[in-house]
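Geometric and topological summary
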Amino acid sequence: MLAFIPERQHQILEKGRDTYEMECAKPSTAGSVSQRSCVFCGSRVVLYPIADALHLVHGPIGCAAYTWDIRGSMSQGAQLHRLSFSTDLQENEVIHGGEKKLYKALTELIKQYQPNAAFVYCTCIVGLIGDDVEAVCKRVEKEQKIRVIPVHSEGFKGTKKDGYRAACEALFELVDSPQADYLTSAIHSSPPPTINILGEFNLAGETLMIKDYYRRMGVKVAVCFTGDCKIADIEKARTASLNVVQCSGSMTSLAKIMQEKFGTPFKRVSYFGIEDMSKALYDVAEHFKSKEMLQRTQNLVKKEVSVLLPKLTRYRRDLEGRKAAIYVGGPFKAFSLIKALRHLGMETVVVGSQTGTKEDYELLKEITQEGTILCDDSNPLELSRFVLEKGADLLIGGVKERPIAYKMGIGFCDHNHERKIALAGFEGMLNFAKEVHCTVMSPVWKFSPARRQYFAEPPI
Amino acid sequence: MKVLTRPKTSFISTRNACKLCSPLGACFVMRGIENCIPLIHGSQGCATYIRRYGISHFREPLDIASSNFVETTAIFGGRDNLFKALDNVIQQYQPDAIGITSTCLSETMGEDVELYLREYAKLRRTSLSPLFFYASTPSYRGTHIDGFNEAVCAVIKATANNENQKTNEDKQRINLISPFVSCEDVREFHRILQAFDVPYTLLPDYSETLDGVAWQDYQKIPNGGTTLADIAKMKYADTTITFNGDSANFPLNNVVHLPLPIGVDNTDKFFDTLKNITNRESATMSYERGRLIDAYFDGHKYVSGKRAVVYGDKMFVAALKSFLEEIGINVVLAADGAETDFETMLETIRSSRCSKTELADKPDFIIGNSKGLYLSRALGIPLVRCGFPIHDRIGGHRILHIGYRGTLNLFERICNTLIEYKQNQEPFGWTYV
Ligand code: SF4
Ligand code: SF4
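Only a predicted model underlies this, so the values are computations on that prediction, with no experimental measurement involved.

A pair of packed helices can be characterised by two numbers: the angle between their axes and the separation between those axes. All names here are of chain B. Running from N to C, helix 11 (residues 283-303) and helix 15 (residues 403-425) point in directions that differ by 15°, and their axes come no closer than 9 Å. Relative to helix 15, the element helix 11 is oriented roughly parallel. Relative to helix 15, the crossing made by helix 11 is left-handed. Touching Met285, Glu288, Arg289, Leu292, Ala295, Tyr296, Gly299, His300, Tyr302 and Val303 of helix 11 are Tyr404, Arg405, Thr407, Leu408, Phe411, Ile414, Cys415, Leu418 and Ile419, all from helix 15. Considered class by class, the residues forming the contact of helix 11 with helix 15 number 13 nonpolar, three polar and three charged.

Written as structure tokens, this is what we have:
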């Protein structure tokens, strides 16, 4: 039997058995094969969908090569975000500095692709060789007459969350752009109800779906950060009177900056699952204190749910009583998933995240059943053991978790930024049910040696 | 290899690179050794990205540990991180060997990893301690292929001092340094060597570790890989066959550099070498050769005079080019990632078309890994997927490229792709072609 890394003991907890407080929000333990990535990854996640901007990764080739077109964010119009640009630093630049190469690369790329802004991502060694990226960006900005914004995303200077923050700071540079037209984009100038959506990345077209719900409620969306977002949209963000923050922590910091600077209030929502999706709409309606809007929202939800629920019953019939394990980046999504799974008759027996906080885990403890395993910044050895011990039929995670499930004959659902299937919104809930059903109910698992050994009754 | 047809412009920036970074190559070597786990000395992101990239291709667990640098590490050095990482990896995985690679970050910091490892060994060594292999792999100095070769060297060096005696069984022993090929290719190398009935060491061998069966229990380190015992015998081999190019400087006896065995000519060279060393023939292999040539005859009209763009790793591209020319295909552009990227390739093709050079007509297909999709769409021509990575199909790691059988597989893929493309262009479909 596997012994856990002693240092990680308190980052794992079984509800009802362990009484200690969950340890979390700390750097990954060296030698634990953490599923986390780096600061740079966090920044890429947030800024990547901005399709008419140039995204130049300043560093050696790997950081850019591994993030080339890996996300499922869609864009109407410009597609520049799907290309991969790197300064591809060589030994000479590592020794003598990469500023010159960065300058030339930026100039060359902007001339050729005519982007509406440029982001320059600093990777680990840039932080070390001490390039003055700021100065290069300023110079190019002046010469090329577009915003060129450095993103301080050196991989080792924190976790993915710090990358989110760096990206939000970079975005705020554009929101509060000195070049903005103050007449057409004055703070809160758009007649309410106008909102911004933060932390929604238009995976498989989800943003368009969500925007349509709000439209039907009579709510205008000024900007969605950053799903299907274009540079010119961004400076309109200040005209909105409410920020709606989806997806755990990724863009809360931008909401906080905007609250502080513009006094724009924000609400945290989730677009996954029936309750949370509905609540995300009701919360906005309540904020604007409009009876008509509330009525429209009720009608919308009623209509969507009445179409959805009967369709779910068929999946639920098969899935009832099955067990799920969840391992995701941010725990906020896990809350929604636990509820969504209950609609399918499934209980969650393992739930973990890369970046949860104490409060997150407390809440997870509250909403899960006795015996559920909670884990923070877990690794493949732990996860594989948990799913087997708890007899999970399904693992929800990302590409890195997929082989853990499949090797052990367990179903898998990709709920990461790489997915190509819309899982948000009411339609997304139906897709989610289909996804879960098609993997859990597949007859192939009956051939799994692990399933035969670990489960008294054979699956299916 | 450089781009054979040079673009008019050369870029400062790298766009849509067709190369990857050095630790990736090194990690796959370490993955190809029995009960060995890779450990990347640097920040967490590099390890995770490499895992993700590899998992999307192999669809197998791919545990790579990291010494997980944090901000203070960059100031105080990574010694403590490395020690802790080693402790934890040993405790969790109980490996027989750990393959440590550096990163751009640790190299730039000037980390003396070899010194750390010696210190660690002194401090913690017990009889159960794993062997350490250390490969220095800064990506600003080379690609994933350089990292791959560096790791092979590191493994050989680490086992060079071992005291075993050469036995009778080691007579005629062959080393085969497997290049960065698919799992199926590695299995094919085994099959070929077995057909010649000689003792051999094949390094690295990730044919099972990265393409295993469905498991009964979770395998901390997947079964398979070159055994440490076989690696230790490498120095006794009379001959070492490599396909990794002259630049790969493996510290072994009588190193024979061969082109990757793709195509009849290249595969013949490989088999002739085996014949010379072993004084044996293989009837099965001759039969397979004959069948391949017969297929060439059957299919030659579908490919004759067609134009192809080839890209990928240097040795792979060189071999593919020779194979394509052997069947009457003009290679209008051959590019390896060390010096070219996809954007440069596209530019080259486009600008040549304008200037009416040899590229006056557009290529008929492109052949290489899945990242060529973008190029194939831009040019409106089909993509024959092979090499690494294949992220948009199932079974990329099981594509057979090498030997007569691998060539046959590639030949049929090319023919069928061209036939299918033509079929799809026609308003009605013929069921005989
Ligand atoms: S820093 Fe170097 S080793 Fe790490 S991902 Fe980037 S290129 Fe690869
Ligand atoms: S070098 Fe740094 S920024 Fe790049 S992938 Fe590695 S950890 Fe992330």
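Following the structure, the description resumes.
A separate point is the interface of chain A and chain B. Contacts between the two partners involve 66 residues from chain A, matched on the other side by 64 residues from chain B. Among the residues chain A hides against chain B, the three largest losses belong to Tyr66, Trp68 and Lys407 of chain A. Together they make up 15% of the total. At the boundary of chain A and chain B, one finds six salt bridges. Close ionic contact of arginine 52 of chain B with glutamate 418 of chain A constitutes a salt bridge, the shortest N to O distance being 2.7 Å. One can count 31 residue pairs in polar contact (both at pLDDT 80 or more) joining chain A with chain B.

Looking now at the packing of aromatic side chains. Inspection of every chain in the model, using the stated rule, returns 34 aromatic pairs over all chains. With 5.2 Å between their ring centres and 85° between their planes, tryptophan 215 of chain B and tyrosine 218 of chain B make a pair best called edge-to-face. Ring centres of phenylalanine 271 of chain B and tyrosine 404 of chain B lie 4.9 Å apart, and the angle between their planes is 15°; this geometry places the pair in the stacked category. With phenylalanine 271 of chain B in helix 10 (residues 264-278) and tyrosine 404 of chain B in helix 15, this residue pair connects regions lying 133 residues apart in the sequence. We note that phenylalanine 271 of chain B, like tyrosine 404 of chain B, is buried. Each member of the aromatic cluster is reached from another via a ring pair, and the members are Phe40, Tyr66 and Tyr121 of chain A together with Phe28, Tyr49, Tyr53, Phe58, Phe148, Phe180, Tyr206 and Phe388 of chain B. The ring of tyrosine 121 of chain A has arginine 44 of chain A sitting right over it, with the charged end atom 5.5 Å from the ring centre. Between arginine 268 of chain A and the ring centre of phenylalanine 332 of chain A, over which it is positioned, the NZ or CZ distance is 4.4 Å.

Attention now goes to the site of ligand 2. The environment of ligand 2 is made up of Cys38, Phe40, Cys63, Thr123, Cys124 and Gly155 of chain A together with Ser43, Gly45, Cys46 and Tyr49 of chain B. The site occupied by ligand 2 is bordered by residues of chains A and B. In terms of residues, the shell around ligand 2 owes the most to one element, helix 2 (residues 44-58) of chain B, which gives three residues. Looking at the shell around ligand 2, its residues break down into six nonpolar, four polar and no charged.

Another point: the domain arrangement of chain A. Residues and elements named next belong to chain A. When the domains of chain A are assigned, the result is domain 1 (6-27 + 311-454), domain 2 (39-175) and domain 3 (180-299). The straight-line distance from the C-alpha centre of domain 2 to that of domain 3 is 27 Å. Across the boundary between the two partners, domain 2 contributes 24 residues, which contact 26 residues of domain 3. Here domain 2 packs against domain 3, burying approximately 2,000 Å² in sum over the two surfaces, 69% of which is carbon and sulfur. Area buried by domain 2 at its contact with domain 3 is led by Met74, Phe172 and Val175, which between them contribute 31% of it.

Looking now at the site of ligand 1. All residues in the neighbourhood of ligand 1 are listed as Pro60, Gly62, Cys63 and Tyr66 of chain A together with Cys21, Pro23, Cys46, Thr103, Cys104 and Ser139 of chain B. The environment around ligand 1 is built from residues contributed by chains A and B. Class assignment for the residues of the shell around ligand 1 results in seven nonpolar, three polar and no charged.

Moving on: the nonpolar core. Judged by nonpolar contacts, the single largest core of 139 residues is most densely connected at Leu47, Phe119 and Phe225 of chain A together with Phe270, Phe323, Leu324 and Ile414 of chain B. The greatest single-element share of this core, amounting to nine residues, is contributed by helix 7 (residues 160-175) of chain A. Not counting residues up to four positions away in its chain, the partners in contact with leucine 324 of chain B are Ala308, Val310, Ile329, Val331, Phe365, Ile367 and Ile414 of chain B. Counting 63 residues, the second-largest nonpolar core is a separate cluster that includes Leu13, Met209, Val301 and Ala340 of chain A.

A few words on the sheet that holds strand 7 (residues 220-226) of chain A. Residue and element names in this part refer to chain A. Strand order in this open sheet of four strands is 7-6-8-9, and the pairing throughout is parallel. The strands lining the two open edges of the sheet, one partner per strand, are strand 7 and strand 9 (266-269). For this sheet, the mean angle separating the axes of adjacent strands, direction not counted, is 20°. In this structure, strand 6 (residues 194-200) lies alongside strand 8 (residues 242-246), joined through four bridges in parallel fashion. Looking across to strand 8, one finds that isoleucine 197 is bridged to valine 244. Strands strand 6, strand 7 and strand 8 of the sheet are contacted by helix 8 (residues 206-217), whose axis makes an angle of about 155° with strand 6.

Before going further, it helps to examine the domain arrangement of chain B. One frequently used descriptor of interface size is the decrease in accessible area upon assembly of the parts. Residue and element names in this part refer to chain B. Segmenting chain B into domains produces domain 1 (2-13 + 283-425), domain 2 (17-159) and domain 3 (168-278). Opposite the 18 residues of domain 1 that make contact, domain 2 presents 14 residues. Of the roughly 1,400 Å² buried between domain 1 and domain 2, counting both surfaces, carbon and sulfur atoms make up 64%. Considering only the side of domain 1, the residues that lose the most area to domain 2 are Phe388, His391 and His397, jointly responsible for 44% of the buried surface there. Here domain 1 and domain 2 share zero salt bridges between them. Scanning the region where domain 1 abuts domain 2 turns up five residue pairs in polar contact (both at pLDDT 80 or more). Residue composition of the side of domain 1 that touches domain 2, grouped by class: seven nonpolar, six polar and five charged.

A few words now on the environment of threonine 264 of chain A. Residue and element names in this part refer to chain A. Within the element layout of this structure, threonine 264 appears in the loop between helix 10 (252-262) and strand 9. Looking at threonine 264, the relative accessible area reads 0%, which means it is buried. In terms of polar contacts, threonine 264 uses its side chain to reach the side chain of histidine 188, at 2.9 Å.

Attention now moves to the pattern of salt bridges. As enumerated under the stated definition, the model contains 48 salt bridges over all chains in all. For the salt bridge of glutamate 23 of chain A with lysine 26 of chain A, the shortest nitrogen-to-oxygen distance reads 2.8 Å. Residue class for glutamate 23 of chain A comes out partly exposed when judged on its relative accessible area of 30%. Here lysine 321 of chain B makes a salt bridge to glutamate 325 of chain B, at a shortest N to O gap of 3.1 Å. Of this pair, lysine 321 of chain B and glutamate 325 of chain B both sit in helix 12 (residues 314-326), four residues apart, which is roughly one turn of that helix. Residue class for lysine 321 of chain B comes out partly exposed when judged on its relative accessible area of 21%. Since its relative accessible area comes to 41%, glutamate 325 of chain B is described here as partly exposed. One salt-bridge network, held together by shared partners, links Glu14, Arg17, Asp18 and Lys390 of chain A.

Calculation rules
Residues numbered from 1 in each chain as written. Chains lettered and ligands numbered in written order. Predicted model: local features only at pLDDT ≥ 70, side-chain atom pairs only at ≥ 80, totals over all residues. Heavy atoms only, no water. Axes fitted to C-alpha atoms, helices over the stretch in contact; angles between N-to-C directions. Helix = DSSP H or I, 4+ residues; strand = E, 2+ residues; numbered from the N terminus. Parallel < 35°, antiparallel > 145°, perpendicular 65-115°, else oblique. Left-handed = near helix turned anticlockwise from the far one by under 90°. Contact = heavy atoms within 4.5 Å. Nonpolar A, V, L, I, M, F, W, Y, C, P; charged D, E, K, R; others polar. Buried area = accessible area lost by both parts, 1.4 Å probe. Salt bridge = Lys/Arg side-chain N within 4 Å of Asp/Glu carboxyl O. Polar contact = N/O pair within 3.5 Å; in protein donor to acceptor, adjacent residues only side chain to side chain. Phe/Tyr/Trp six-rings, centres within 6.5 Å; stacked < 30°, edge-to-face > 60°. Buried < 20%, exposed > 50% of the residue type's maximum accessible area, 1.4 Å probe, protein only. Lys NZ or Arg CZ within 6 Å of the ring centre and 35° of its normal. Near = heavy atom within 4 Å. Domains from an automatic or database assignment. Core = buried A, V, L, I, M, F, W, Y, C linked by side-chain atoms within 4.5 Å. Pairing = 2+ DSSP bridges.

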